[in-house]
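Survey of secondary and tertiary structure
Spelled out, the chains give:
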Amino acid sequence: MDLFSGLAAKIKGQNKTIVFPEGEDERILGAAIRLQNDGLLTPVLLGEKNQIKATADKNGFDLTNVQIIDPKEYPDADKQAMLDALVERRKGKNTPEQAAEMLKDVSYFGTMLVYMHKVDGMVSGAVHPTGDTVRPALQIIKTKPGSKRISGAFIMQKGDQRFVFADCAINIELDAPAMAEVAVQSATTAKLFDIDPKVALLSFSTKGSAKGEMVTKVADAAKMAHELAPDLPLDGELQFDAAFVESVGAQKAPGSAVAGHANVFVFPDLQSGNIGYKIAQRLGGFEAVGPILQGLNAPVSDLSRGCNEEDVYKVSLITAAQSVE
Ligand SMILES: CC(C)(COP(=O)(O)OP(=O)(O)OC[C@H]1O[C@@H](n2cnc3c(N)ncnc32)[C@H](O)[C@@H]1OP(=O)(O)O)[C@@H](O)C(=O)NCCC(=O)NCCS
């Protein structure tokens, strides 16, 4: 089954609701209506009703049964409840005046709908830069219990080959505990896509072949990840070839449960992770699906501003599937 049919099967019948703060954008609107018509999820569009209607008319979209919320027309009692919840959540960090200001921003409004369980997830970023989508989620939804940080993974796929690469999007630096968390989160993401995870924590060294602080960090991260998830097949530190190529793995890391067979690759920092996924994409011909935010207490996904309607559709499937898990 292809990647997205698998996700569609997971969410069908689950009655998941996803909020789209950029409801006036035609790519968002087109994807949201298709998702609704395909019976996969219920979209909630944020924006000015007249503006959304104008975009729908221009593109021949049928808005029947599509739920639209204009934040400016949100009932006073609901507005107050949202403000109270935000003030409480941001206690000591933002004043009530700042919280009221924040709610004028559709990304914060949408994030609050997720936080208050009015919807199951949020998809945004077709118009807004990454920080505008991710920051409210970090500040309000925060991480899953037991998790200290979120990270960003890409599913790399070509034909029937599927791999997870992380963190390629969020944490600029990772210490050993952070890298261990990314390893465990990435295994969860792998399962979402029916990948049976074998996790490699990557370095320029395999099992002590080189020395130094950077190598120690990755080896320590592997130990910590093992403590966090004792049943998860993982190993590190491994070079990419030892992780991926069976003969090299057997030679450089004999006896490893992962070397030579890894399908989840955890990078030691954002620099290597971001470069790594783009090399696989551009030189290796892999499709890069993501970034998929992992570790958040409820799913929020960031689109690329260069996205098209199909990208919005696919990212929404991922977001809804994360909320099922
Ligand atoms: C994601 C990002 C935008 C957050 O930036 P920011 O808003 O400046 O972050 P701040 O440090 O001010 O933190 C804001 C809040 O998020 C939290 N936070 C930041 N990073 C976090 C993480 N990785 N996990 C969990 N929480 C995090 C902070 O604790 C803080 O919470 P608080 O307000 O309740 O104290 C930033 O990490 C970033 O720019 N990362 C790199 C993104 C990038 O360029 N990627 C490459 C291209 S895809």
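Residues numbered from 1 in each chain as written. Predicted model: local features only at pLDDT ≥ 70, side-chain atom pairs only at ≥ 80, totals over all residues. Heavy atoms only, no water.

Regarding its fold elements, the chain presents 13 helices and 11 strands. Taken over the C-alpha trace, the chain has a radius of gyration of 21 Å; the compact-globule value for 325 residues is 20 Å, and the two agree within 12%. In terms of principal-axis extent, the alpha carbons of the chain reach across some 65 × 45 × 30 Å. When each of the 325 residues of the chain is scored for burial, the buried share is 54%. For the chain, the share of sequence-separated contacts (at least 6 apart) that also reach a separation of at least 24 residues comes to 72%. In the structure as shown, the chain presents an accessible area of about 14,800 Å², 50% of it carried by carbon and sulfur atoms. Charged side chains of the chain number 34 positive and 42 negative; the gap between the two group centres comes to 2 Å. (Helix = DSSP H or I, 4+ residues; strand = E, 2+ residues; numbered from the N terminus. Rg over C-alpha atoms; globule rule 2.2 N^0.38 Å. Buried < 20%, exposed > 50% of the residue type's maximum accessible area, 1.4 Å probe, protein only. Contact = heavy atoms within 4.5 Å. Areas by Shrake-Rupley, 256 points an atom, 1.4 Å probe, with all protein chains shown as cover. Lys, Arg positive; Asp, Glu negative; His and termini not counted. Charge placed at Lys NZ, Arg CZ, Asp CG, Glu CD.)

Strand order in the open sheet formed by 6 strands is E8-E7-E9-E6-E5-E10, and the pairing between neighbours is mixed. The open sheet is flanked by strand E8 (234–238) and strand E10 (287–294), the only strands paired with a single partner. Going across the sheet, the axis of each strand differs from the next one's by a mean of 20°, ignoring polarity. Relative to strand E6 (residues 161–166), strand E5 (residues 151–158) runs antiparallel, the two being bridged by 6 bridges. When the sheet's bridge partners are listed, Met-156 is paired in E6 with Phe-163. In the packing of helix H9 (residues 213–228) onto the sheet, contacts are made with strand E7 (199–202) and E8, and the angle to E8 comes to roughly 175°. Running at roughly 20° to E5, helix H12 (residues 270–282) makes contact with E5, E6 and E10 of the sheet. (Pairing = 2+ DSSP bridges. Axes fitted to C-alpha atoms, helices over the stretch in contact; angles between N-to-C directions.)

Before going further, it helps to spend a moment on unusual backbone geometry. A cis geometry characterises the amide bond from Gly-236 onward to Glu-237, with omega recorded as 0°. Within the secondary structure, Glu-237 sits in strand E8. That bond from Gly-290 to Pro-291 is cis: its omega, 0°, falls within 30 degrees of zero. Assignment of secondary structure puts Pro-291 in strand E10. Even without being a glycine, Lys-207 presents a positive backbone phi close to 50°.

As a further point, take the state of the cysteines. Structurally, a disulfide amounts to a covalent bond that connects the sulfur atoms of two cysteines. For the structure on display, the rule yields 0 disulfides. The closest cysteine sulfur to the non-disulfide-bonded Cys-307 is located on Cys-168, 19 Å from its own sulfur. (Disulfide = S-S within 2.5 Å.)

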